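Residue-level structural notes
Here is how the chains run, residue by residue.
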Amino acid sequence: MLVEMRGKVDSRAPKKYEELEIGSEFPSVRCELTPSLISRFEEAVEASSHGGLVPPLAILACALKAASQSIDMPPGSVHASQKIEFLKAVSVGSTIDCHVRIIKKISRSGLRMVVIGLETLDRSRELVLSAATTVVSPAEVGISTK
Amino acid sequence: MITSESEVPELHPGDALPGVIRHLDQEKINLYAEAVGDFNPIHVDEKFAARTAFGGTVAHGMLILAYVSEMMTQVFKESWFSGGKLSVRFKAPAHSTDTVMVSGRVDSVKRENDNLNFTCRVDCHNQKRETVVTGEARVTVKLSE
């Protein structure tokens, strides 16, 4: 598994859609980007290694894993859109802190979407990645789980 | 990332980026799920996924974006890691039996002081030419003096 969560993880259960408040932030989650974890990621995405640097999408995967610790994403949830900005290259072996907040909730005509803000910082507190992820829960994409 | 001008990709508006083609299968999706710890049943549980509107398992959106990122990395190297932006919409699922073709095209190249700013359109299609992902990528390449 890419992310081994450590540090300030909220012990409460992930919040359901109804409990999410716009602007609310969750405890940061620390991730260690070990060589073996990054190697597994690169194998999974069929990417070549990049001179000891962590693939940017691996950092985003860490941030999303952190988000899943705080936000209940029902089975069958899917991504609707993604914005990402890569600000600083990170070396394999680094430790990053992932911050998660709720940007927007949309519930209309059976639609239920959450826009999640993600930021990761390195140990020198410099911003590594900033992202906004829009997740749609199953009912909104017409999924029947019966 | 400071890049000497000789290392900057020679790209002009209208130029195509070298595409990336990936053949999906359930094993690859499972491998990604294990690598990132995302075991949402829509990706890994064929019985669950068969009962959904998708009719079967679909790849993680982030797996498809990793293919897009690979294309951008091949062209822009480390500049993508520290000066890349991606804004995309997921238009259709990538099924576990799909072939995903990532393509890109340069929309604009603008020099701003010591930066060279590339804007590219990026798309992913499946083997039926259906759009899976569409959007825009921007890269700032910092030039050395």
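Scroll up to find the structure this text is about.
An account of the accompanying structure is given in this report. These numbers come from a predicted model, not from an experiment. (Residues numbered from 1 in each chain as written. Chains lettered and ligands numbered in written order. Predicted model: local features only at pLDDT ≥ 70, side-chain atom pairs only at ≥ 80, totals over all residues. Heavy atoms only, no water.)

1. Some points on the overall build of chain B
Inclusion rule: Strands here are runs of E lasting at least two residues and helices are runs of H or I lasting at least four, both read from the DSSP assignment and numbered beginning at the N terminus. Each residue's exposure class comes from its accessible area (1.4 Å probe, protein chains only) as a fraction of the maximum for that residue type: buried when under 20%, exposed when over 50%, partly exposed otherwise. Whether two residues touch is decided by their heavy atoms; if any such pair falls within 4.5 Å, the residues are in contact. With residues, only the protein chains shown are counted as cover, and all accessible areas are computed by Shrake-Rupley using a 1.4 Å probe. When charges are counted, Lys and Arg contribute as positive and Asp and Glu as negative, whereas His and the chain ends are disregarded. By convention, the charge on Lys lies at NZ, on Arg at CZ, on Asp at CG and on Glu at CD.
When its secondary structure is counted, chain B shows 5 helices and 6 strands. Tracing chain B from N to C terminus, the helices and strands come up as β-β-α-α-α-α-α-β-β-β-β. Overall, the C-alpha framework of chain B stretches about 60 × 30 × 20 Å when taken along its three principal axes. Put simply, chain B has 145 residues, and 54% of those count as buried. Sequence-distant contacts in chain B: of pairs separated by 6 or more residues, those separated by 24 or more amount to 66%. Taken as a whole, chain B presents about 6,700 Å² of accessible surface, with 45% of it coming from carbon and sulfur. Of the charged side chains in chain B, 16 are positive and 20 negative; the average position of the first set lies 7 Å away from that of the second.

2. Some remarks on the interface of chain B and chain A
For clarity, the cut-off: Defined here as a combined quantity, buried area equals the accessible surface (1.4 Å probe) lost by two parts on assembly, summed across both. Criterion for a salt bridge: a side-chain nitrogen of Lys or Arg within 4 Å of a carboxyl oxygen of Asp or Glu. Any pair of N or O atoms that falls within 3.5 Å is considered a polar contact. Within protein, one atom must be able to donate a hydrogen and the other to accept it, and sequence-neighbouring residues count only if both atoms are side-chain atoms. Here the term charged refers only to Asp, Glu, Lys and Arg, the term nonpolar to Ala, Val, Leu, Ile, Met, Phe, Trp, Tyr, Cys and Pro, and the term polar to all other amino acids, Gly among them. The rule for pairing is simple: two strands pair if DSSP sees at least two bridges between them.
Residue-level contacts link 37 residues of chain B with 42 residues of chain A. Both sides together, the interface formed by chain B and chain A hides about 3,200 Å², and carbon and sulfur atoms give 63% of it. Looking at the side of chain B facing chain A, the largest losses of area belong to Ala35(B), Met62(B) and Phe81(B), adding up to 20% of the total buried there. Counting across the chain B and chain A interface gives 3 salt bridges. Counting across the interface, chain B meets chain A through 11 residue pairs in polar contact (both at pLDDT 80 or more). If one sorts the elements of the side of chain B that touches chain A by residue count, helix 4 (residues 61-76) of chain B sits on top with 8 residues. Each residue belonging to the side of chain B that touches chain A can be placed in one class, and the counts come to 20 nonpolar, 9 polar and 8 charged. With 6 bridges joining them, strand 2 (residues 78-86) of chain A and strand 3 (residues 84-90) of chain B adopt antiparallel strand pairing. Its bridge partner lying in strand 3 of chain B, Glu85(A) is registered against Lys85(B).

3. A few points about helix 1 (residues 26-36) of chain B
Restricting attention to buried positions, one finds in helix 1 of chain B the residues Gln26(B), Ile29(B), Tyr32(B), Ala33(B), Ala35(B) and Val36(B). Structurally, helix 1 of chain B contributes buried residues whose contacts are with helix 1 (35-45) and helix 2 (56-70) of chain A together with helix 2 (41-44), helix 3 (46-50) and helix 4 of chain B. Immediately downstream of helix 1 of chain B, the backbone of Gly37(B) shows phi near 75 degrees, a positive value.

4. Digging into the packing of aromatic side chains
Rules: Only the six-membered ring of Trp is used, alongside the rings of Phe and Tyr, when aromatic pairs are assigned; centres must lie within 6.5 Å, and planes under 30 degrees apart are stacked while those over 60 apart are edge-to-face, with the rest tilted. Distance and angle both matter: a charge sits over a ring if NZ of Lys or CZ of Arg is within 6 Å of the ring centre and within 35 degrees of the ring normal.
Tallied over the entire structure, the rule returns 3 aromatic pairs over all chains. Taking NZ or CZ as reference, Lys105(A) lies 4.6 Å from the ring centre of Tyr17(A), over its face.

5. What about the pattern of salt bridges?
In the structure shown here, the tally under the stated rule is 11 salt bridges over all chains. With its nearest N and O atoms 2.8 Å apart, the salt bridge here joins Asp97(A) to Arg30(A). Residue Asp97(A) is found in strand 3 (residues 95-108), and its partner Arg30(A) is found in strand 1 (residues 25-32); the two are separated by 67 residues along the sequence. Judged by its relative accessible area of 3%, Asp97(A) is buried. In this structure, Arg121(B) and Asp123(B) form a salt bridge, with 2.9 Å as the shortest nitrogen-oxygen distance. Taking relative accessible area as the criterion, Asp123(B) reaches 9% and is therefore assigned buried. What you see here is one network of salt bridges that share partners, running through Arg30(A), Asp97(A) and Arg125(A).

6. Some details on unusual backbone geometry
Residues and elements named next belong to chain B. Although it is not a glycine, Asn 113 sits at a positive phi angle of roughly 55 degrees. Although it is not a glycine, Arg 129 sits at a positive phi angle of roughly 70 degrees. If you trace the backbone, Arg 129 turns up in the loop between strand 5 (115-125) and strand 6 (131-143). Overall, Arg 129 belongs to the exposed group, its relative accessible area being 55%.

7. Description of the nonpolar core
The line we're drawing: Nonpolar cores were defined as sets of buried Ala, Val, Leu, Ile, Met, Phe, Trp, Tyr and Cys residues, with membership established by side-chain atoms within 4.5 Å.
Grouped together as the largest cluster of nonpolar side chains are 79 residues, with contacts concentrated most on Leu65(B), Met72(B) and Phe76(B). Broken down by element, this core gets its largest block of residues, 11 residues, from helix 4 of chain B. The residues touching Met72(B), leaving out its near neighbours within four places in the chain, are Leu17(B), Lys77(B), Trp80(B), Cys120(B), Val122(B), Ala137(B) and Val139(B). Of all hydrophobic cores here, the second largest spans 6 residues; its members include Val78(A), Phe48(B), Ala49(B) and Phe54(B).

8. A word on the packing of helix 1 of chain A against helix 1 of chain B
Formally: Lines fitted to C-alpha atoms define the axes here, with helix axes fitted over just the stretch in contact, and angles between the N-to-C directions of these axes take values from 0 to 180 degrees. In these notes the angle categories are as follows: under 35 degrees is roughly parallel, over 145 is roughly antiparallel, 65 to 115 is roughly perpendicular, and the rest is oblique. Helix crossings are classified by the rotation of the near helix relative to the far one: an anticlockwise turn of less than a right angle makes the crossing left-handed, while a clockwise turn makes it right-handed.
Relative orientation of the contacting elements helix 1 of chain A and helix 1 of chain B amounts to 155 degrees, with a least axis distance of 9 Å. The orientation of helix 1 of chain A relative to helix 1 of chain B falls into the category roughly antiparallel. In terms of crossing hand, the pair formed by helix 1 of chain A and helix 1 of chain B is left-handed. Of the residues in helix 1 of chain B, those in contact with Arg40(A), Phe41(A), Glu43(A), Ala44(A) and Val45(A) of helix 1 of chain A are Leu31(B), Tyr32(B), Ala35(B) and Val36(B). Per-class residue counts for the contact of helix 1 of chain A with helix 1 of chain B are 7 nonpolar, no polar and 2 charged.

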